[in-house]
Amino acid sequence: MKRLVVRFGLVAATLALVAGCATQGDDAVSQGGGGEFTFVSPGGQTRIFYPPEQRGRVSGMSGDNLLEPGKQLGLDDFKDKVVVLNIWGSWCGPCRSEADDLQAVQDKTAAQGVQVLGINVRDSQSAAADFHRDRGLTYPSIFDPAGRTLLALRQFPRSTVPATIVLDRQHRVAAVFLTEMLESELLPEVQKVAAEPR
């Protein structure tokens, strides 16, 4: 019986230690800066902001170019640029509403070195391409019906659509928005990140 109690105590202590490591930081990225971005449940928050020292990097993100089938498109195509990732689908009502806002952000910040990059999920190529053309969107999108591209955003919930993620010039996560965005809300945040010292 004593042996069982001792074993139980050791297991409980180990679990507490592991849980303490798993809950590092307050929001949706592991702390420490400079490491890879790892999404952690934000506790109901839909808008999360990270100071530079707490930002995790996104790397290895690429996929098929929506409007140029057979051609690859990814973060490495936008070195030293602030990248606004937008996860969308033509079937998604809020995505349809925010497309013009994202285009406006692209138009107003391109001169500051900002690039909007869409990630189209759970869609058909023809429906997504028609959506893109019909709205006159000039920013590119990765066509990723299975959501594999999102694996680069470790532990990010692939069912969250729309979502917008602002990456700084080192492609570290500066902000995450788990909701539809308006130009008036997104533009100031993007401009703030674009104005950060290089």
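Here the structure is shown first, and the text comes after it.
Residues numbered from 1 in each chain as written. Predicted model: local features only at pLDDT ≥ 70, side-chain atom pairs only at ≥ 80, totals over all residues. Heavy atoms only, no water.

1. Section: the overall build of the chain
Counting secondary structure elements, the chain contains four helices and eight strands. Shown N-terminal to C-terminal, the secondary structure of the chain runs as helices and strands in the order α-β-β-β-β-α-β-α-β-β-β-α. Of the contacts made within the chain by residues no fewer than 6 positions apart, 66% connect residues no fewer than 24 positions apart. On the chain, roughly 10,000 Å² of surface is accessible, and the fraction owed to carbon and sulfur atoms is 54%. (Helix = DSSP H or I, 4+ residues; strand = E, 2+ residues; numbered from the N terminus. Contact = heavy atoms within 4.5 Å. Areas by Shrake-Rupley, 256 points an atom, 1.4 Å probe, with all protein chains shown as cover.)

2. What to know about the environment of Ala-110
Mapped onto the secondary structure, Ala-110 falls in the loop between helix 2 (93-109) and strand 5 (114-120). Given a relative accessible area of 39%, Ala-110 falls into the partly exposed group. Between the C-alpha atoms of Ala-110 and Lys-81, which are 29 residues apart in sequence, the distance is 9.4 Å. (Buried < 20%, exposed > 50% of the residue type's maximum accessible area, 1.4 Å probe, protein only.)

3. Quick look at unusual backbone geometry
At the junction of Val-161 and Pro-162, the peptide bond is cis and its omega measures out at -5° in the coordinates. With respect to the element layout, Pro-162 can be found in the loop between strand 6 (141-143) and strand 7 (163-167). The phi dihedral of Gln-155 falls on the positive side, at around 70°, and the residue is not glycine. Tracing the backbone through its elements, the reader meets Gln-155 in the loop between strand 6 and strand 7. One non-glycine residue, His-171, lies in positive phi territory at about 60°.

4. Regarding the nonpolar core
By size, the foremost hydrophobic cluster in this structure holds 54 residues, and its most contacted members are Ile-87 and Val-176. Among the secondary structure elements, those contributing two or more residues to this core are strand 4 (82-88), helix 2, strand 5, helix 3 (125-134), strand 6, strand 7, strand 8 (173-177) and helix 4 (183-194). In terms of residues, this core owes the most to one element, strand 4, which gives six residues. Beyond its immediate chain neighbours, meaning those up to four positions away, Val-176 contacts Phe-37, Phe-39, Thr-46, Arg-47, Ile-48, Tyr-50, Phe-156, Thr-164 and Ile-165. (Core = buried A, V, L, I, M, F, W, Y, C linked by side-chain atoms within 4.5 Å.)

5. Topic: the pattern of salt bridges
Tallying each qualifying case throughout the model produces seven salt bridges. With a closest N to O distance of 2.4 Å, Glu-183 and Lys-108 form a salt bridge. Of this pair, Glu-183 sits in helix 4 while Lys-108 sits in helix 2, and the two are 75 residues apart along the sequence. Between Asp-168 and Arg-172 there is a salt bridge; the shortest N-O distance is 2.8 Å. Judged by its relative accessible area of 15%, Arg-172 is buried. Three or more residues joined by partner-sharing salt bridges are found here, namely Arg-55, Asp-168, Arg-172 and Glu-196. (Salt bridge = Lys/Arg side-chain N within 4 Å of Asp/Glu carboxyl O.)

6. What about the side chain of Thr-149?
In this fold, Thr-149 is placed in the loop between strand 6 and strand 7. A residue is classified by how much of its surface remains accessible, and Thr-149, at 7% relative accessible area, is buried. Non-local contacts of Thr-149, meaning those with residues more than four positions away in its chain, are made with Met-61, Ser-62, Gly-63, Ile-119, Ile-142 and Asp-144.

7. Quick look at the sheet that holds strand 5
Taken in spatial order, the eight strands line up as 1-8-7-4-5-6-2-3 in an open sheet, and their pairing is mixed. The two strands at the open ends of the sheet, each matched to only one other strand, are strand 1 (47-49) and strand 3 (72-74). Geometrically, the sheet is characterised by an average inter-axis angle of 30° between neighbouring strands, direction not taken into account. Where strand 7 lies against strand 8, four bridges are found, and the strand directions are antiparallel. Looking across to strand 8, one finds that Leu-167 is bridged to Val-173. (Pairing = 2+ DSSP bridges. Axes fitted to C-alpha atoms, helices over the stretch in contact; angles between N-to-C directions.)

8. Here's the deal with helix 2
Under the 1.5 Å per step criterion, the end-to-end length of helix 2 is 25 Å for 17 residues, consistent within 8% with the ideal 24 Å. At Ala-99, helix 2 shows its maximal kink, close to 35°. For helix 2, every residue scored as buried is listed here: Cys-95, Glu-98, Ala-99, Asp-101, Leu-102, Gln-103, Ala-104, Val-105, Gln-106 and Thr-109. Buried residues in helix 2 make contact with strand 4, strand 5, helix 3, strand 7 and helix 4. (Expected span 1.5 Å × (residues − 1). Bend = angle between axes of the 7 residues up to and from the residue.)

Limitation: the analysis is restricted to geometry and does not speak to function.
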